[in-house]
Amino acid sequence: MRLAHDVETVRSAERALMARLPEGALMQRAAAGLATACADLLGKVYGSRVTLLVGSGDNGGDALYAGARLARRGAGVTALLLSPDRAHAGGLAALRAAGGTVLDAQDRNATERVGRADLVVDGIVGIGGKGGLRPRAAELADAARGTVVAVDLPSGVDADTGEVRGAAVRADATVTFGTYKPGLLIDPAREYAGALRLVDIGLELAPAETGLEALQYADVAALLPRPTGESDKYRRGVVGIVAGSARYPGAAVLAVAGALHGGAGAVRYVGPAADAVLARFPEALVSAGPPAKAGRVQSWVIGPGLGDDPSGLHDVLASDVPVLIDADGLRLADPATVRDRAAPTVLTPHAGEAAALLGVTREQVETERLASVRELAARYDATVLLKGSTTLISPPDETRPARVNPTGSPWLATAGSGDVLSGLTGSLLAAGLAPLDAASVGAHLHGLAARHAADGAPISAQDVAGALRSAWQDVTENLFA
Ligand SMILES: NC(=O)C1=CN([C@@H]2O[C@H](COP(=O)(O)OP(=O)(O)OC[C@H]3O[C@@H](n4cnc5c(N)ncnc54)[C@H](O)[C@@H]3O)[C@@H](O)[C@H]2O)[C@@H](O)CC1
Ligand SMILES: Nc1ncnc2c1ncn2[C@@H]1O[C@H](COP(=O)(O)OP(=O)(O)O)[C@@H](O)[C@H]1O
Ligand SMILES: [K+]
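None of these values were measured; they are calculated from a predicted model.

### What to know about the coordination of the potassium ion (ligand 3)
Distances from the potassium ion (ligand 3) to its protein donors, namely Asn59 (OD1), Asp122 (O), Val125 (O), Val151 (O), Leu153 (O) and Ser155 (OG), fall within the range 2.7 to 2.9 Å. Coordination at the potassium ion (ligand 3) is irregular, judged from the six donor atoms that bind it and the angles of 64 to 168 degrees they form at the metal. Along the chain, the residues that donate to the potassium ion (ligand 3) are spaced as N-x62-D-x2-V-x25-V-x1-L-x1-S. Residue aspartate 122 is located in strand 5 (residues 119–123), and its partner leucine 153 is located in the loop between strand 6 (147–151) and strand 7 (173–177); the two are separated by 31 residues in the primary sequence. Side by side, aspartate 122 and leucine 153 carry an identical accessibility label, which is buried.

### Topic: the UniProt feature "domain: YjeF C-terminal" (unreviewed entry) in the protein chain
Those residues carrying the UniProt feature "domain: YjeF C-terminal" (unreviewed entry) are residues 216–475 in this numbering. Counted over residues 216–475, helix gives 45% and strand 14%. Its end C-alpha atoms are 9 Å apart.

### As for the site of ligand 2
The immediate surroundings of ligand 2 are formed by 16 residues, with Lys387, Gly388, Gly416, Ser417 and Gly418 found nearest. Contacts to ligand 2 include glycine 388, whose backbone N or O atom sits 2.9 Å from an oxygen atom. Glycine 418 has a polar backbone atom sitting 2.7 Å from an oxygen atom of ligand 2. Considered on its own, ligand 2 offers 580 Å² of accessible surface; in the complex 77% of this is hidden by protein. Ranked by the residues each element gives to the shell around ligand 2, the list is headed by helix 18 (residues 417–430), at four residues. Counted by class, the shell around ligand 2 contains five nonpolar, nine polar and two charged residues.

Conventions and cut-offs
Residues numbered from 1 in each chain as written. Chains lettered and ligands numbered in written order. Predicted model: local features only at pLDDT ≥ 70, side-chain atom pairs only at ≥ 80, totals over all residues. Heavy atoms only, no water. Donors = N, O, S within 2.8 Å, 3.2 Å for Na, K, Ca; no water. Tetrahedral: all angles 85-135°; square planar, octahedral: opposite > 155°, others 65-115°. Helix = DSSP H or I, 4+ residues; strand = E, 2+ residues; numbered from the N terminus. Buried < 20%, exposed > 50% of the residue type's maximum accessible area, 1.4 Å probe, protein only. UniProt positions renumbered as here; feature names shortened; annotations may be inferred. Near = heavy atom within 4 Å. Polar contact = N/O pair within 3.5 Å; in protein donor to acceptor, adjacent residues only side chain to side chain. Areas by Shrake-Rupley, 256 points an atom, 1.4 Å probe, with all protein chains shown as cover. Nonpolar A, V, L, I, M, F, W, Y, C, P; charged D, E, K, R; others polar.

Okay, here's the thing in structure tokens:
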């Protein structure tokens, strides 16, 4: 599991550790890790040109000490001080002693120093940053032509939420200390961070303090359902799909396609697109409805392509099994009814749907993804999966960490791919995964399947469904690699 912690938690872990270590030891660990990462990015340190953008806090101190290490290995290092009076004194002395140059960021040669650098180190602000870059910092950051490496996080982004309210540094890589910060994993900030490298500085963080987590291959592999000798199709779980309409029969086909690859033993389809479903998937069990008469299932998926027909919703929400609500179902479901359910509910909106449910604009949801998914989970007392460039999943209990899925691909932005995800996730629910696990494993496999299918070229939602098997194999094989 990749874990991220918010600023307050990082600060208190740092305080505890600093109390046990000699003064400055922590910053030296950070600077050593940063210098190594810079050297890797440069390839050859000797003779390279490095420019440091240095703010008023310890983030600038990290950059200065790392710069001193690079200068000792033969790099030509220039520090540009954005607040010359407040720059880290020890770091400045170290850089000067190593032969580095120090300039005021207002110096007329400053922009040119940035433009000519092979490597630009962003030490403007770290976890102490508030709001976007000030104009001079933005100007200098914009002048970079070489590789940009951010110290701890790209300056200008919000460490806890991933929000980007003003100008921010666009890094090729971010070297972060002690733990990931949520903002490094959540869009829009994630896009600014580039490749991530974590430097261990010895911080001790209890699992209960985690703010955000991302499943890795091994976590997904451990959660995937596996049939045993005792299994039969019913014990493996049956997923019921209520989807499609005369107008949108394809959504039913795609949701069933996802469900058939999610580990349940059987897929029941209820709705008006039975012919289309059977033509494509003879293995589906179809019935004309209503859901209450369709036979026993271990989970329901309702919503893809449903149109305005709310008739199946009552039966499904009244059931005592987990229910996943997607697409049109989200509009039709009454929040109080969802909240009152005894069995779990999972909602899977994209940003537009989430905005409609919250009564805000789509832009607001996209800017404040974490707050939006948390708010929906609280309002519906449900697990909520917010789709998009980084998919976020919040459990109903806000004291438990949210999850973020790192596997997605922009090729997934194609009509119908969400229907595949809802079927897949419903199938994982039927197979017995807890709602948070089903949603995050579903998003993980779905994103991976898109990558397998796309391989650099456009894909359709059917291609995503078709690649779910190879994504599943990939996850389980890598476990033993
Ligand atoms: N505390 C520790 O033990 C360690 C901290 N480390 C580094 O220290 C950083 C945190 O240092 P600080 O707490 O000094 O905070 P920062 O270096 O993040 O910056 C705080 C300073 O920046 C100013 N500031 C805030 N927003 C700004 C903006 N938008 N534009 C310009 N200036 C702005 C503030 O007035 C304050 O003076 C971490 O991100 C990490 O890089 C590392 O050295 C590891 C150890
Ligand atoms: N830019 C992107 N990067 C990665 N994944 C994306 C991006 N845009 C959309 N997706 C994913 O594509 C899927 C689209 O689902 P959805 O919006 O419900 O489409 P539809 O309703 O057509 O099925 C979701 O899984 C979402 O997370
Ligand atoms: K920074």
